[in-house]
Amino acid sequence: MKIRYILACLFFALPSFAAELVLYSTRKEQLLEPLLKAYEEHSGHRLKVVYDSEGPLLERLKREGSKSPADLFMVVDAGNLWKASDLGLLAPIKSKSLEAAVPASLRDPQGQWFALTRRVRGIVYHPKKVDPKELSTYEDLASAKWKGKLCLRSSSKVYNQSLVAMMIERLGTDKTRAVVKGWVDNLGAKVFSDDTSLIKAIESGPCHVGLVNSYYLGRLIADNPQYPVKMFWPNQGTGASGAHVNISGVGVTRSSQKKALAQSFIEWSVGPQAQKILSDINLEFPITTNLVNELNPTLKTFGDFQPENFNLAIAGRRQREAVILMETVGYQ
Amino acid sequence: MSSGVRLFLISAGLFLLLGPLFFLAQTSFRVEAEVWDHLRAHTLWPSLIATLIFAAGSTLWALFFGCLMALVSWRLPFFRLILPLLMGALFAVPPYVLGFLSLSLLDYSGPVQRTLHRFFGEQALFEPRSWPWAIFIFGLTSSPYLYFSLQVGLRGEVRPLLEAGLSLGDSFARSLRRILWPRLSLWALGGASLVFLEALADFGVADLFGISTLSREIFQTWGSLFSLGGAARLSLLLLALCLATVVLTQFLKTPQDEDQKQVAVDLSSLFPNSKFSAAALGLAGGVFLLLALIPLLQLFLWAAKPQLWLELPWPQALFQTLLIGVLGSVFTCSLVFLLFMAVWRRRSERLLGLPLSATYGLPGSLLGLSSLLFFFQIGGWEQLPSGWIVPMLLLSLVFFLKFGSLLWRGLLSQSAQLPSSLFESAELLSPGPLQMWRKITWPLMFPALRLGFLLVLIEIMKELPATLMLRPGGTSTLALRVHQFASESEWDRASVYALVLICASLICLLLTRLHFLRPKEALDART
């Protein structure tokens, strides 16, 4: 009788053993839901998500301080992760499995954040308008041969800000200013508010080349495998700096009372199941190269690329400098 | 109302109005020198000029188009039924939705430019992301403010006055200027200032069309330069513009305007011949077709996929939108009504009316942030609870700041139509203030309250940035879903939510026309 009583108590108490993690995220809900659902099925723990954009979410975390209910902070772009760590909002974690799975250039040196996916910014072009042999580097897009043919997304988008930030690190401020000025002078159309419209303007518009994140083209190709616009990986070859890679990433918050559990979520997220989900949903590259055989077919069509080798924390550190530089040369 | 209660309400109103703005101002002192120097040197003046041009252009276009539609509906009886519906549909469409619909048609990959490219080559291509289009789109979605304002002003009968002026030798234009405009200007000014304030606060259309307004720069400074102080300082500049707009509107209203009661204009006098009617109708119809009906048709085509309607959780989003809308509207209207009754027919009317009108022009995200700062500083709380109650209260405070002036103006207009002698007599004859309020004040003010409630509800349903920031219980409203999918260029999914949002807003707008919601006493009092 006593045993039955104890078992009954355990049975009713069982759901309460399932803990709840609170995730603050800037990712779009429809992109995150499959991942969260898979985690809940795998672990039995619940995930509660607070969605918002970067500025308000960082401000909220800062204001809440040690009393914040957030356990995890998940955003796109290394700049935002760097900012969160710079504000002391993230906790350093030590994990051999994370260090093995995530390349050093894609995680914080102190272990405060880790990449979940790679988002590569490449050059898109129309083969009927441009011979791919004419394409080479990001800097070359500033040369006179691209006058009136280049299209860009707005400078207010963090993807371009990170690219310019990394260029400042690589080339220095003066050279980068000259390159960005060259881009602006070569614009064939007003800057676009999104990458998809830019790609479509290359397909049937005044644009010949442009800079976009690869997954936008991936989505169009997934809808129509015969889509005419192609991807070119810039800055490749011996001695070259590599294609600019940004990330979506996650960190454990300093205020979290469930750091071990939050860490286990991150460790699961860099594993094969989660990486496949993340890669398939939004056609972003997984952070691990172990999945090369299971890579989404659309991503395979882009071919291999040599990524940039700088630590992405630089993108955050130099973001303000990049934005000021872009605004100064008239890049809207 | 006793003077103690009155004083308490006025103080509470000022505290709620000025408290968040105070903390915003306080934050603006913490701007980094590097950031402010850059803003001053490169973005402050260009964005200020861009804001003024965008706002002025949109207002003028809305004024022109709204007046034209009002004239057409009076001149051509058939359109008196259709036009209010069409203008109501426009009012229900958020400007950024019409913006992305128009761009999808006019963009380089859209059907218009593809056709031009095929027949005339690359030289026929035009840039759709331009000032004129942005102003057309924003002005068009704001023109219902003018249309409905003029509808309110156009009652009664003044045709004899107009004809008398003409028969006494005045030219047509002079009669319009001396007779018609003074009677309509009050309504037109009110509508125009609303449009101007909306344009000052707009982010969606400006971002879509690449116009670097102050609202965009505020976002950029906050999100990209990581400078909340800089964003706060720019927002104070925007607040100053809003205040200037409100003060100028008050100044432009001549003393005799305030005494205007229901004045009518038989607008058939304004169309001296049928060619003019045809031209006006052609212009109005052409604009409507090109800029509104065709994009809305595109919306229907995108959303016409039954599979999407089955797979997307739009009923849940609709429920959450209505819940937040009704709660927010009840809070806003209750608070505004109480404050109005506290200051009505007193000099302190402007003390509350002025800041309430000014905050209408501030971006929702800044008001959301101000409310958050207010919450943390005043309450001494250290975290925002993730449930429903506190975020909903804060969001309601934002709605009060942002949309309270819609009801305030309505109450002002309603009270202006009532003779003050009525209330003086009632005070003398009434057995008590409660009886007077129940039998006289409430029934007479109810029509404005009902209309204000529905207008605030529509605005709350369309609102995006503050709702995104404070999301009670992590809810996803229709506007949030539209933004989520539109920003990823998933037009068909965005269209489903946009269509539901437009229908919900349209239903609310239709309710404003229904008489059965009015209490009988108010009907009796009006007749």
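The rules behind the values
Residues numbered from 1 in each chain as written. Chains lettered and ligands numbered in written order. Predicted model: local features only at pLDDT ≥ 70, side-chain atom pairs only at ≥ 80, totals over all residues. Heavy atoms only, no water. Pairing = 2+ DSSP bridges. Helix = DSSP H or I, 4+ residues; strand = E, 2+ residues; numbered from the N terminus. Right-handed = clockwise from strand over helix to strand, strands pointing away. Contact = heavy atoms within 4.5 Å. Buried area = accessible area lost by both parts, 1.4 Å probe. Salt bridge = Lys/Arg side-chain N within 4 Å of Asp/Glu carboxyl O. Polar contact = N/O pair within 3.5 Å; in protein donor to acceptor, adjacent residues only side chain to side chain. Buried < 20%, exposed > 50% of the residue type's maximum accessible area, 1.4 Å probe, protein only. Axes fitted to C-alpha atoms, helices over the stretch in contact; angles between N-to-C directions. Parallel < 35°, antiparallel > 145°, perpendicular 65-115°, else oblique. Left-handed = near helix turned anticlockwise from the far one by under 90°. Nonpolar A, V, L, I, M, F, W, Y, C, P; charged D, E, K, R; others polar.

Colleague: How do you make sense of the pairing of strand β2 (residues 46–51) of chain A when you look at a structure like this?
Modeller: The side chains of a regular strand alternate between both faces of the sheet. Residue and element names in this part refer to chain A. Here six bridges tie strand β1 (residues 20–25) to β2, and the two strands are oriented parallel to one another. Residue S25 lies in a different strand from β2, and its bridge partner there is Y51. Each parallel crossover has a hand, and for β1 linked through helix α2 (residues 29–43) to β2 it is right-handed.

Colleague: Teacher, can you tell me more about the interface of chain A and chain B here?
Modeller: Reports often express the size of an interface as the amount of accessible area lost when the parts come together. Listed by partner, the interface residues are 46 residues for chain A and 52 residues for chain B. Interface area lost by chain A to chain B is led by R63, K190 and R320 of chain A, which between them contribute 16%. Here chain A is connected to chain B by three salt bridges. Run the count over chain A and chain B and you get eleven residue pairs in polar contact (both at pLDDT 80 or more). Put simply, the parts of the chain that give the side of chain A that touches chain B at least two residues each are α2, β2, α3 (54–64), α4 (78–86), α8 (195–203), α9 (214–223) and α14 (319–328) of chain A.

Colleague: Explain the environment of M87 of chain B here, please?
Modeller: Residues and elements named next belong to chain B. Tracing the sequence through the fold places M87 in helix α3 (residues 79–92). Accessibility expressed as a relative area gives 0% for M87, which makes it buried. With residues up to four places along the chain from it excluded, the contact list for M87 reads M69, S143, P144, Y147, F148 and F288.

Colleague: Hey, could you run me through the packing of helix α15 (residues 314–343) of chain B against helix α18 (residues 389–416) of chain B in this one?
Modeller: Packed helix pairs are characterised by how far apart their axes lie and by the angle those axes make with each other. Residues and elements named next belong to chain B. Their axes nearest at 7 Å, the elements α15 and α18 cross at an angle of 50 degrees. With respect to α18, the element α15 is oriented oblique. For the pair α15 and α18, the sense of crossing is right-handed. When its residues are assigned to classes, the contact of α15 with α18 shows 20 nonpolar, five polar and no charged.

Colleague: I tried to follow the side chain of S241 of chain A on my own but got confused; where do I start?
Modeller: Residue and element names in this part refer to chain A. Residue position: S241 is located in the loop between β7 (230–232) and β8 (244–252). At a separation of 3.3 Å, a polar atom in the side chain of S241 contacts the side chain of R170. Within polar-contact distance, the side chain of S241 engages the side chain of N235 at 3.1 Å.

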